[in-house]
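Architecture and fold: a report
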Amino acid sequence: MKLINEVARSSGRYLVCHAKSKEAMRRAILAGAETIEHGDFIDEEIAQLMKEHKVTYFGTLGAVDAITQYHGWKKGKEEDPQSIKNKKKSYRIAVEQGVTIGMGGDVGVFHHGENVYEMELMGEYGGMRPLDVLKAATTVNARALHMENEIGSIKPGLQADLMVVKGDPSKSISELRKVQFVMKGGVIYRDEVRGK
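Read on for a plain summary of the structure. Treat the numbers as computed from the prediction; the structure is a model and nothing was measured.

Some details on the pairing of strand E6 (residues 179–184)
The pairing of strand E5 (residues 162–165) with E6 spans 4 bridges and is antiparallel. Paired with valine 164 across the bridge in E6 is phenylalanine 181. One ladder, built from 4 bridges, connects E6 with strand E7 (residues 187–191); its direction is antiparallel. Among the inter-strand pairings, methionine 183 is bridged to a residue of E7, identified as isoleucine 188. Where E6 folds back on E7, the antiparallel hairpin that results is connected by 2 residues, among which glycine 185 adopts a positive phi of roughly 60 degrees.

Laid out in structure tokens, this is it:
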């Protein structure tokens, strides 16, 4: 894995790793992975290793939640199956230990255009405050992608990617479902505020 990282970096790319088990995450982190996706079995030791190596964690909560429901689990009506319990425990440990958290949910496992589902689960599973979830989806993700000089913030010189919602997502992340205005690269694609 260290050689993979070396070759990736020699071509201007970065090592990221989909890993679930503790050992897979440990090996990836020590090899230089900048992000861990999934991480179903994070414990305090792995969380501290992630912090020490400045690894960003993408929990992909929506994937596990959706797949488990596809297999028959009736969320909210039945006890959480072990896969959900594992994910909730791992995610909460990562949040409580101060691991850098990004937002990414393996969209495609659940419906495209429903990314807010992942953001809602970040609060439900890990107790993240809505404002921290918003930061994860913007500035943290931009840094993880090495694109902080292009996206992730509202300031001169960055792409004008903006949206307006009805409500206050810093108080309730679900308000992101009420999209009123969308601008991408300075071009307006939706404008319900002015009726266009």
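Things to note about the packing of helix H4 (residues 61–70) against helix H5 (residues 82–96)
When two helices pack together, their arrangement is given by the angle between the helix axes and by the axis-to-axis distance. Running from N to C, H4 and H5 cross one another at 165 degrees; their axes reach a closest spacing of 10 Å. With respect to H5, the axis of H4 lies roughly antiparallel. Classified by chirality, the crossing of H5 by H4 is left-handed. When H4 is examined against H5, the residues Leu61, Val64, Asp65 and Thr68 are found in contact with a partner set consisting of Ser83, Ile84, Lys87 and Tyr91.

Rules used throughout
- Throughout, residues of each chain are indexed from 1 in the direction in which the sequence is written.
- Only residues with pLDDT of at least 70 get local features here, since the model is predicted, and only at 80 or more are side-chain atom pairs given and counted; chain-wide, interface and lining totals rely on the full set of residues.
- Computation of side-chain values: all heavy atoms of the structure, hydrogens and water removed.
- For two strands to be treated as a pair, DSSP must find at least two bridges joining them.
- Runs of H or I in DSSP of at least four residues are treated as helices and runs of E of at least two as strands, each being numbered from the N terminus.
- Here an angle of 0 to 180 degrees is reported between the N-to-C directions of two axes, which are lines fitted to C-alpha atoms, with helices fitted over the stretch in contact.
- Our angle categories are set so that under 35 degrees counts as roughly parallel, over 145 as roughly antiparallel, 65 to 115 as roughly perpendicular, and the remainder as oblique.
- Two helices cross in a left-handed way if the nearer one is turned anticlockwise from the farther one by less than a right angle. They cross in a right-handed way if the turn is clockwise.
- The contact criterion used throughout is that any non-hydrogen atoms of two residues lie within 4.5 Å.

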